Amino acid sequence: EELGIAPNHRHYMTRRDVLKRNDDLIRRAVRILEKKPIYSLSIEPDRRREDSRGVIVSARSKVRSGDRIKNILRLDVYLNGRPYRTFDAEAGTVRARLPNLPSREGKAELQVQAYDGSKNLVATRRHRLRG
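Described in the following lines is the structure provided in the data block. This one's a predicted model, so the numbers in the text were calculated from it and none came from an experiment.

**Looking at the overall build of the protein**
Along the protein, the regular secondary structure elements total two helices and seven strands. In sequence order, the secondary structure elements of the protein are arranged as α-α-β-β-β-β-β-β-β. A globule of 131 residues ought to have a C-alpha radius of gyration of about 14 Å, yet the protein, at 20 Å, is considerably larger. Its C-alpha atoms give the protein principal-axis dimensions of about 60 × 30 × 30 Å. Out of the 131 residues in the protein, the part that is buried amounts to 31%. Considering only intrachain contacts with a sequence separation of at least 6, the fraction spanning at least 24 residues in the protein is 48%.

Structure representation (structure tokens):
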């Protein structure tokens, strides 16, 4: 709120909120959040070979049946701040292996961004590669 973000929903405190640890506030938040899509995005080291500088990127979305446009559509991968690869999702899911990533001076930073069918950024993750 102090950062200038306008709320989408306003909740006025109730007597039960004050006396029973925000019961009404929590119930209202659950009703709002259960309608929202769920996104997951991970970057894991590729453990197939010990000397590998590769990673496995995974993304998944869980949306209500009427909200297919909110499924993850694609992943964009950036290496050291530059575009590296793009992966298209199938049914809101992507799992891709990026083997032997190049580095500068033994260091590299990977950033992965997931976009939905409306081209909205829905998840992002950074990962530092060890030299």
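**Description of the sheet that holds strand S1 (residues 38-45)**
Ordered in space as S1-S2-S5, the three strands form an open sheet in which the pairing is antiparallel. In this open sheet, the two strands that pair with only one neighbour each are S1 and strand S5 (93-98). Averaged over all pairs of adjacent strands, the angle between their axes in this sheet comes to 5°, without regard to strand direction. Pairing analysis gives eight bridges linking S1 to strand S2 (residues 55-62), with the strands arranged antiparallel. Its bridge partner lying in S2, Tyr39 is registered against Ser61.

**Brief notes about the nonpolar core**
Counting residues in each nonpolar core, the largest one holds 21 residues, and the members touching the most others are Val55, Val57, Leu75, Phe87, Leu98, Leu110 and Val112. Leaving out residues up to four positions away in the same chain, Val55 has contacts with Ile43, Glu44, Pro45, Asp46, Ala96, Arg97, Leu98, Leu101, Leu110, His127 and Leu129.

**Here we look at the pairing of strand S4 (residues 82-88)**
Direction of pairing for strand S3 (residues 72-79) relative to S4: antiparallel, over a ladder of six bridges. By the bridge assignment, Leu75 is partnered in S4 with Phe87. Once S3 ends, the chain turns through two residues before running back antiparallel as S4, passing Asn80 with a positive phi of about 55°.

Criteria and thresholds
Residues numbered from 1 in each chain as written. Predicted model: local features only at pLDDT ≥ 70, side-chain atom pairs only at ≥ 80, totals over all residues. Heavy atoms only, no water. Helix = DSSP H or I, 4+ residues; strand = E, 2+ residues; numbered from the N terminus. Rg over C-alpha atoms; globule rule 2.2 N^0.38 Å. Buried < 20%, exposed > 50% of the residue type's maximum accessible area, 1.4 Å probe, protein only. Contact = heavy atoms within 4.5 Å. Pairing = 2+ DSSP bridges. Axes fitted to C-alpha atoms, helices over the stretch in contact; angles between N-to-C directions. Core = buried A, V, L, I, M, F, W, Y, C linked by side-chain atoms within 4.5 Å.

The values reported here are purely geometric and, on their own, carry no functional implication.
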